[in-house]
Amino acid sequence: MLLLKQVTILDATSKWHQKVADILIEDGKIAAIEKAITSKKAKVVAAEGLHASIGWLDIGAQIGEPGFEHREDLDSVTQAAASGGFTALAPFPNTNPAIHSKSEVYFLKNRAQLVDFFPIGALSRDCAGVDLAELYDMAAAGAVAFSDGQLSIGSAGLLKRGLQYLKGINGLLINHPNDTSLSKSGQLHEGKISTQLGMKGIPALAETLMLKRDLDLLAYADSRLHIHNISTAESVDLIRAAKSKGLRITASVSVFNLIYNHEQLTTFDSNYKVMPPLREKSDCQALLAGLQDGTIDAINSNHIPLEIEAKKLEFVYADFGTIGLSTVFPLLQTDLSDILSLEKIIHLLAVQSRKVLGLPITSLTVDEKANLTLFQPNQYWTFTENNIYSKSANTPLIGTTFRGKVLGIINGEFHNLS
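Numbers given for residues are sequential positions, taken from 1 along each chain in its written order. Thresholds applied to this predicted model are a pLDDT of at least 70 for local features of residues and 80 or more for the giving and counting of side-chain atom pairs; totals over whole chains, interfaces and linings are not thresholded and use all residues. Excluding hydrogens and water, the side-chain figures rest on all heavy atoms present in the structure.

Some words on the side chain of N261
Stage number 1. Summarising the element assignment, N261 is placed in the loop between α9 (255–259) and α10 (281–293).
Stage number 2. Summary of the burial criterion: residues with accessible area below 20% of their type's maximum are buried, those above 50% are exposed, and those between are partly exposed, where the area comes from a 1.4 Å probe applied to protein chains only. In this structure N261 comes out as buried when scored by relative accessible area, which is 9%.
Stage number 3. Those residues within four positions of N261 in sequence are excluded, and the remaining contacts are L278, R279, E280, K281 and C284. The helix count covers DSSP runs of H or I at least four residues long, the strand count covers runs of E at least two residues long, and both are numbered beginning at the N terminus. Here, two residues are considered to be in contact whenever any of their heavy atoms come within 4.5 Å of each other.

Here is the structure:
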């Protein structure tokens with residue numbers, strides 16, 4: 001039994017929305033919500049400025065296991081997710097073996113404990129971009145969407161077949177648009193910084209050219225498509241226009257691409273070397289505008305754990321990626337709270353991510369399962385190595401002082417890593 005004292009509730013579906021109340025949790029369910037509750041048996045959780053919402057969900061994190069346990073395993077990614085306020089992950093299938101059959105889907109779902117796993121199955125066998133994987137069997141086993149994850153779907157024919165097949169089972173296809181024939185060997189966004197540094201750039205065209213193709217194929221197949229991690233102003237315009245035409249399309253953006261731009265790379269810090277690359281300030285502004293008007297549906301961590309041997313190298317040899325599960329909320333609250341309200345941030349993390357995947361959305365009401373994120377939006381704290389629960393530490397944010405701290409999560413039981 002758990003008693004949360006004087007909590008500000010953020011849940012537009014609850015009659016307690018934006019009100020302060022006590023919440024009693026018993027046997028994994030919300031037993032009562034009242035202005036004041038007294039219990040001698042319950043463990044009390046109280047903190048200054050404590051807020052609660054339904055649990056947050058992240059789409060597209062890299063989980064490592066199976067095959068890359070030296071970077072991340074399911075236990076460490078669970079701890080990292082919980083520390084960032086996420087009660088659920090919909091991880092990408094880029095493991096070894098890939099999540100490309102019902103066996104791997106069952107493996108992930110059965111390993112879920114405190115943090116729920118909603119597996120994204122591979123669109124193609126081995127994520128190789130050639131033959132469709134066992135989509136129907138994976139859907140029956142619990143896969144919530146299909147994608148080749150970090151690997152963009154280069155074959156128009158494969159994408160068309162995938163969209164057509166998934167239409168029959170109302171499935172969702174996810175693609176990260178990146179035409180590798182244009183971006184290959186690129187190190188950062190193609191612009192004045194890449195020119196100053198004398199490095200090959202990754203043009204915005206690599207994203208928008210594939211996105212235009214994807215939209216044409218989506219209209220042809222009349223299916224469902226999610227565009228993951230857009231990074232350019234033109235991509236926002238293209239998706240906005242597609243939605244106005246009635247296409248069944250959603251989109252998400254990485255928190256890093258919202259906040260940082262390619263000027264960060266003048267320091268040669270390889271932890272800012274991410275995919276999609278950090279673009280122009282004008283792209284960041286367009287992405288924020290897309291979030292505000294609903295063109296972009298959700299925000300994700302773009303969590304890609306990498307061992308030190310893959311990142312502590314000369315910039316051109318370092319792999320793309322940074323860990324991010326622990327720092328999504330503090331980054332948004334610290335850097336964007338003057339643009340995105342707290343209520344909007346929580347809605348994007350908790351509700352919109354579930355809507356993208358077509359998952360049920362719980363409510364912070366009596367008799368519902370206790371699936372909650374607890375956070376202090378105005379708490380200042382400094383992110384140190386002690387706050388990293390991933391097996392990997394590839395992040396440029398160590399030593400950063402944030403406003404906005406996650407206290408813990410409740411998914412049946414309370415988990416506090418702060």
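Remarks on the packing of helix α7 (residues 205–221) against helix α8 (residues 233–244)
Stage number 1. Note on geometry: axes are lines fitted to C-alpha atoms, helical ones only across the stretch in contact, with angles between N-to-C directions running from 0 to 180 degrees. Contact pair α7 / α8: the axes reach a minimum separation of 10 Å and the direction vectors enclose 10 degrees. With respect to their mutual orientation, α7 and α8 come out roughly parallel. Within the contact between the two elements, α7 uses E207, T208, L211, K212 and L215 and α8 uses E234, S235, L238, I239 and A242.
Stage number 2. Residues are grouped as follows: nonpolar covers Ala, Val, Leu, Ile, Met, Phe, Trp, Tyr, Cys and Pro; charged covers Asp, Glu, Lys and Arg; every other residue, Gly included, is treated as polar. Taken together, the residues of the contact of α7 with α8 break down into 5 nonpolar, 2 polar and 3 charged. In this scheme, roughly parallel covers angles under 35 degrees and roughly antiparallel covers those over 145, while 65 to 115 is roughly perpendicular and the rest are oblique.

Points about helix α13 (residues 342–357)
Stage number 1. The span one expects for a helix is its residue count, reduced by one, times 1.5 Å. The first and last C-alpha atoms of α13 sit 23 Å apart over 16 residues, in line with the 22 Å expected at 1.5 Å per residue.
Stage number 2. Most of α13 sits inside the fold, with 12 of its 16 residues counted as buried.
Stage number 3. When α13 is considered as a whole, its buried residues turn out to be L342, I345, I346, L348, L349, A350, V351, Q352, S353, R354, V356 and L357.
Stage number 4. In the stretch just after α13, G358 is the one whose phi turns positive, near 70 degrees.

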